[in-house]
Amino acid sequence: MRARPIAPIIFLRILAPERADPPMAGFAAVLRKDLTLELRGGESTLALVALSILILIVMVFALDPAGGAADAPIAAGALWVAMIFAGMAGAARTVLAERDNGCIRALYLSPLDRGALFLAKLAAASIFMIVAEAAVVLMLVLFFNLDFDLRLARMLPALALGLIGFAALATLLAAISGRVHAGDLLMPLLAVPMYVPALIAGVKASAAALGGAPWSAMGQWLRIMIAFDVLFVAAGFILFEHLLDED
Amino acid sequence: MANTFTRTLAALTGLLMFAAIYMTFVFVPTEAEQGIVQRIFYFHVPCAWVAFAAFGIVAISGIFYLWLGGQIWDDLGYACAEIGMVFCTLVLVTGSIWARPIWGVWWTWDSRLTTTLILWLLYGGYLMLRAMAGDSPQVARFAAVIGIVAAADVPVIVVSVRLWRTIHPAVLITKQGEHGLTDPRMVATLLVALAAFTALFAWLLLIRFASLRTRSRLAALERELNLAEAAAGDL
């Protein structure tokens, strides 16, 4: 048996306590399972990080930026392209992994609340994406010759909101794409148009943040992203049960 | 019975369409600034109205399908998505034809154009799902969820794209409560064209809906036959 890393286990205990009240118990159990699976040699996060950085490199070749603050809008655009296209492949993994060995059926047979299941999958996907985004932002600073300063911190709300919205959308759609013929082709066809509002707002807010604009310049974009997140988390919470039903 | 109604509706659609064409090309005065090109407006706007109405029905029938069940709601949503897609395509094409002489470009990233394009892509995805995944109650549920989520996403898309940019003329009603149709004959033509396209929509929907209903009944009969044959084989 492999040695268990201590720090992540403590992190897991805090995030998903084993003894929780019934409404939260299912959520905590599924999230704990997904995170444990990922810590013991899961490939989702690693693939997400690698793919994000590759897309970033492709964007650098395609756009050939001079770097520095003048290229902030280009850097913001590259960041979001990397996020949605890597996220498309990575964020859906938490749901798609259940398809193997028919685990999704076992989940369906369990007395678990469907909304809680959706939230657990969403939380796991968000955590994987946070790790990937941290790597991408780091590489972005290096590739685009930006500075490690407050401007990066100002980008965080937009990134966090965009990431949660995308994880919600991807989790919802993965329940579909995992179970229809050629579903992996359908995923981007459905996800990208639906993500448009958050994408526009995210790129604008990130460009403003990297360009050194004040908080007020980002307000309207952050509000759109909050609306998008609320909409898709609520939609997933309510509608996930209809996607899991079998005939 | 259904046939009589369909025929009456077809005749009504034909009459209204002839009236709309006559009014668009002969009756209505030419717009002073834009000239003859502006007449495409009397087709462009009704197409947009039909597309939005059809996409709205997709969402509503999706809600009813998940809530009450029943193949009839799924058939209605499918028929509306197909028809909405046709008219949404027409909106983009007629808009492009108008924009070339007026704005000097085929396409521009104006808010309404962008929103319409996103809608077109959204429901294109919906139809791809239906085409690729085949027919089953499961796919019907998937489609219902997509239809509902897409419609719920539309207001957010509209707001975000509007903040992003806009140059589309506010033809119908501006914020000041004025509208760009200066002549009462223009309003009359638009109303007749709207009625004609609404009738066309209803007629197309009736035909497509009836054919999907027939297909669903056929599928149900086939399932019954298979069950009966399996039972006979067991004996």
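Residues numbered from 1 in each chain as written. Chains lettered and ligands numbered in written order. Predicted model: local features only at pLDDT ≥ 70, side-chain atom pairs only at ≥ 80, totals over all residues. Heavy atoms only, no water.

Draft legend 1. Seen up close, the pattern of salt bridges. All names here are of chain A. Using the criterion set out here, one finds eight salt bridges over all chains in the structure. One salt bridge in this structure joins Lys33 and Asp34, with 2.8 Å as the shortest N-O distance. Residue class for Asp34 comes out buried when judged on its relative accessible area of 6%. Between Lys121 and Asp34 there is a salt bridge, with the nearest N and O atoms lying 2.9 Å from each other. Here the residue Lys121 occupies a position in helix α7 (residues 114–143), and Asp34 occupies one in helix α2 (residues 22–39), the gap between them amounting to 87 residues. Residues participating in the shared-partner salt-bridge network are Lys33, Asp34, Glu98 and Lys121. (Salt bridge = Lys/Arg side-chain N within 4 Å of Asp/Glu carboxyl O. Buried < 20%, exposed > 50% of the residue type's maximum accessible area, 1.4 Å probe, protein only. Helix = DSSP H or I, 4+ residues; strand = E, 2+ residues; numbered from the N terminus.)

Draft legend 2. Representation of helix α8 (residues 150–177) of chain A in the model. All names here are of chain A. Between its first and last C-alpha atoms α8 spans 39 Å; for 28 residues at 1.5 Å apiece the expected length is 40 Å, and the two agree. The sharpest bend along α8 reaches about 30° and sits at Leu156, with the proline Pro157 one to four residues further on. Of all 28 residues in α8, 20 are buried; the element is thus mostly enclosed. (Expected span 1.5 Å × (residues − 1). Bend = angle between axes of the 7 residues up to and from the residue.)

Draft legend 3. Just the packing of aromatic side chains, in detail. Summed over the entire model, instances satisfying the criterion amount to 13 aromatic pairs over all chains. Here the aromatic rings of Phe166 of chain A and Tyr195 of chain A are separated by 5.0 Å at their centres, their planes lie at 90°, and the arrangement is edge-to-face. Taken together, the residues span a long stretch of sequence, with Phe166 of chain A in helix α8 and Tyr195 of chain A in helix α9 (residues 183–210) at a distance of 29 residues. The exposure class assigned to Tyr195 of chain A is buried, which follows from its relative accessible area of 1%. Taking the centre distance of 5.5 Å and the plane angle of 85° together, the rings of Tyr195 of chain A and Phe228 of chain A count as edge-to-face. Remark: Phe228 of chain A occurs in helix α10 (residues 219–244) and Tyr195 of chain A occurs in helix α9; sequence separation between them is 33 residues. An aromatic cluster is built from Phe166, Tyr195, Phe228 and Phe232 of chain A, whose rings are joined through pairwise contacts. We note Arg130 of chain B situated over the ring of Tyr78 of chain B; from NZ or CZ to the ring centre the distance is 4.2 Å. (Phe/Tyr/Trp six-rings, centres within 6.5 Å; stacked < 30°, edge-to-face > 60°. Lys NZ or Arg CZ within 6 Å of the ring centre and 35° of its normal.)

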